[in-house]
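In case you want the letters, here they are:
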Amino acid sequence: MTGTPTIREVRAYTVRGGGADYHDQGDAHWIDDHIATPMSMYPEYRQSRQSFGINVLGTLVVEIEASDGTVGFSVTTAGEIGAFIVEKHLARFLEGQRVTDIERIWDQMYKSTLYYGRRGVVLNAISGVDLALYDLLGRIRQVPVFELLGGPVRDELQFYATGARPDKAKELGFIGGKMPLHHGPAEGEEGFRKNIELLADMRGKVGDDFWLMYDCWMSLDVEYATRLAHAASDHGLKWIEEALIPDDYWGYAELRKRAPSTMLITTGEHEATRWGFRQLLETGVDLIQPDVGWCGGITELIKISALADAHGTMVVPHGSSVYSYHFVVTRTNSPFAEFLMMHPTAEEVVPMFSPMLVGEPVPVNGRLKVPETPGFGVELSADIQKHRPYTH
Ligand SMILES: C[C@H](O)[C@H](O)[C@@H](O)[C@@H](O)C(=O)O
Ligand SMILES: [Mg+2]
């Protein structure tokens, strides 16, 4: 196709402090306060997830400059490792190609990294490149990304809020509140009792109709998760999220069988690609939560979402700011979205990827009309210190 701009240069930067690596926060933040994880069996790593390195990666910024001078960008969680993969490996599949060759670029990025990738930070890096390509194409075409994806199926998004204060989330107009689970199996019956007491207390504060969910961040086993689900169902828990480690597909199938039929079994934020989600969908989980910055980007999430739709499974992407909003608004099997409360006490709405994205929209009264600004509609803040550790 003549006249289509080509890709002149790909650049990868790292940034520290919040942003896409939203676990990279200062002290006294709810998101790092005694949250149960697979590392909780080690007492020295039980109080803080930063103590075992949840924030080691930092933010990866991918910039893609076209031959007409337009620059698209994205942010995701991948840091310096991601910058190395983008500069030293993935850039070769983009530079010189047309900005519209997104599918072929994705296929070459994925297949060329299979010998060391498949999931994890390599897919985060591929996702970052894919998101930047969609931002670039939207800017060149002067349309929001959601118009590149078939257009909106709803006028606005509605959100549940993730954080320590579902009672405040209800006041702020959200449709539900997801709390982190604080105690895992290593804390025995006392921890189990505290988990249920916290839920019961919050149910008393929000009333019977407001959604309450627990996010278990891979910390449980099938036995504990089954017991927790049954005890929590007495307090109307709507879903139990990521109870097990991502690779335990067999455990998720068993948990689905054992848990109360009215409780949703959800997971997926640490899963990647259509193949990983096919395996997950075949376990029978009720709702999948891919992160568009980690699962393979928009190009792969389209395939994952269609597969889920064929299974009758909802897709509610893990909180990834504008990058998921432009997707969710175009999918009939994505009826609502997640908003991560990044305010330190989860009592106020602040931009999810603060302080990195200028123009980052936030829900008002738990709802948001996705802005029709070209691309993903945000700019990288000039105030952040971005560092380019590698070139090619
Ligand atoms: C609140 C959870 O522990 C994680 O920090 C959160 O990022 C993720 O699991 C989520 O679903 O938002
Ligand atoms: Mg989660």
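Thresholds, definitions, all that
- Residues numbered from 1 in each chain as written.
- Chains lettered and ligands numbered in written order.
- Predicted model: local features only at pLDDT ≥ 70, side-chain atom pairs only at ≥ 80, totals over all residues.
- Heavy atoms only, no water.
- Near = heavy atom within 4 Å.
- Polar contact = N/O pair within 3.5 Å; in protein donor to acceptor, adjacent residues only side chain to side chain.
- Areas by Shrake-Rupley, 256 points an atom, 1.4 Å probe, with all protein chains shown as cover.
- Nonpolar A, V, L, I, M, F, W, Y, C, P; charged D, E, K, R; others polar.
- Donors = N, O, S within 2.8 Å, 3.2 Å for Na, K, Ca; no water.
- Helix = DSSP H or I, 4+ residues; strand = E, 2+ residues; numbered from the N terminus.
- Buried < 20%, exposed > 50% of the residue type's maximum accessible area, 1.4 Å probe, protein only.
- Axes fitted to C-alpha atoms, helices over the stretch in contact; angles between N-to-C directions.
- Left-handed = near helix turned anticlockwise from the far one by under 90°.
- Contact = heavy atoms within 4.5 Å.
- pLDDT = per-residue confidence, 0-100.
- UniProt positions renumbered as here; feature names shortened; annotations may be inferred.
- Domains from an automatic or database assignment.
- Buried area = accessible area lost by both parts, 1.4 Å probe.
- Salt bridge = Lys/Arg side-chain N within 4 Å of Asp/Glu carboxyl O.
- Pairing = 2+ DSSP bridges.
- Right-handed = clockwise from strand over helix to strand, strands pointing away.

**Some details on the site of ligand 1**
In the vicinity of ligand 1 lie 15 residues, with Tyr22, His23, Lys178, Asp215 and Glu338 positioned nearest. His318 places a polar side-chain atom, nitrogen or oxygen, 3.4 Å from an oxygen atom of ligand 1. With respect to ligand 1, the side chain of Glu338 contributes an N or O atom lying 2.5 Å from an oxygen atom. Relative to its unbound accessible area of 330 Å², ligand 1 is 100% covered by the protein chains. Of the residues belonging to the shell around ligand 1, the class tally is six nonpolar, three polar and six charged.

**Examining the coordination of the magnesium ion (ligand 2)**
Around the magnesium ion (ligand 2), the donor atoms from the protein are Asp215 (OD), Glu241 (OE) and Glu269 (OE), and they sit 2.0 to 2.1 Å away. In primary-sequence terms, the residues that donate to the magnesium ion (ligand 2) follow D-x25-E-x27-E. Pair noted here: Asp215 is in strand S6 (residues 211–215) and Glu241 is in strand S7 (residues 237–241), with a separation of 26 residues, a long-range link. In this structure Asp215 comes out as buried when scored by relative accessible area, which is 10%.

**Re the packing of helix H1 (residues 79–88) against helix H3 (residues 120–141)**
It is at 9 Å that the axes of H1 and H3 come closest, and there the two elements cross at 65°. Relative to H3, H1 is oriented so that their crossing is right-handed. Across from Ile81, Gly82, Ile85 and Val86 in H1, the residues of H3 making contact are Val121, Val122, Ala125 and Val129. Its residues assigned to classes, the contact of H1 with H3 shows seven nonpolar, one polar and no charged.

**Focus: the confidence of the model for the chain**
If pLDDT is low for a region, its predicted coordinates should not be looked at in detail. Scored by pLDDT, the chain comes out at a mean of 98, with 99% of its residues at no less than 70. In the predicted assembly, ipTM is 0.99 and pTM is 0.98.

**Here we look at the UniProt feature "active site" (unreviewed entry) in the chain**
The UniProt record marks His318 with the feature "active site" (unreviewed entry), using the residue numbering of this structure. Within the element layout of this structure, His318 appears in the loop between strand S10 (314–315) and helix H11 (322–328). Residue classification places His318 among the buried residues on the basis of a relative accessible area of 3%. Among residues more than four places away in sequence, those in contact with His318 are Tyr22, Glu269, Gln289, Pro290, Asp291, Trp294, Ser324, Glu338 and Leu340.

**What to know about the UniProt feature "domain: Mandelate racemase/muconate lactonizing enzyme C-terminal" (unreviewed entry) in the chain**
Cross-referencing UniProt, the feature "domain: Mandelate racemase/muconate lactonizing enzyme C-terminal" (unreviewed entry) maps to residues 166–262 in the present numbering. Between the C-alpha atoms that bound residues 166–262 there is a distance of 21 Å. The span itself is 48% helix and 15% strand.

**A few points about helix H2 (residues 102–112)**
For H2, the set of buried residues is Ile102, Ile105, Trp106, Met109, Tyr110 and Ser112. Turning to H2, the residues buried within the fold contact strand S1 (7–15), H3, helix H9 (273–281) and helix H10 (297–310).

**Considering the domain arrangement of the chain**
The assigned domain composition of the chain is domain 1 (6–21 + 57–142) and domain 2 (148–373). With 27 residues of domain 1 at the interface, the matching set in domain 2 holds 27 residues. Between domain 1 and domain 2, the buried area comes to about 2000 Å², and carbon and sulfur atoms account for 64% of it. Where domain 1 packs against domain 2, one counts two salt bridges. A salt bridge links Arg119 to Glu271, with the shortest nitrogen-to-oxygen separation between them at 2.8 Å. Counted by class, the side of domain 1 that touches domain 2 contains 11 nonpolar, 10 polar and six charged residues.

**Some thoughts on the sheet that holds S1**
Taken together, three strands build an open sheet; the order of strands is S1-S2-S3 and the sheet is antiparallel. Strands at the two margins of the open sheet, each flanked by one partner only, are S1 and strand S3 (71–77). If you compare each strand with its neighbour and ignore which way they point, the axes differ by 15° on average. Alignment of strand S2 (residues 59–66) against S3, held across seven bridges, turns out to be antiparallel. In the strand pairing of S3, Glu63 is matched with Phe73.

**With respect to the pairing of S7**
Judged by how many residues are buried, S7 sits mostly within the fold: four of five residues are covered. Bridge count for S6 against S7 is four bridges, and the pairing is parallel. Its bridge partner being in S7, Tyr214 is matched across the sheet by Ile240. In this region the chain leaves S6, passes through helix H7 (residues 222–233) and returns to the parallel neighbour S7; the handedness of that crossover is right-handed. Of the strand pairs in this sheet, S7 and strand S8 (residues 264–267) are connected by three bridges, and their pairing is parallel. Bridged to Trp239 within S8 is Leu264. For the segment spanning S7, helix H8 (residues 249–258) and S8, crossover handedness is right-handed.

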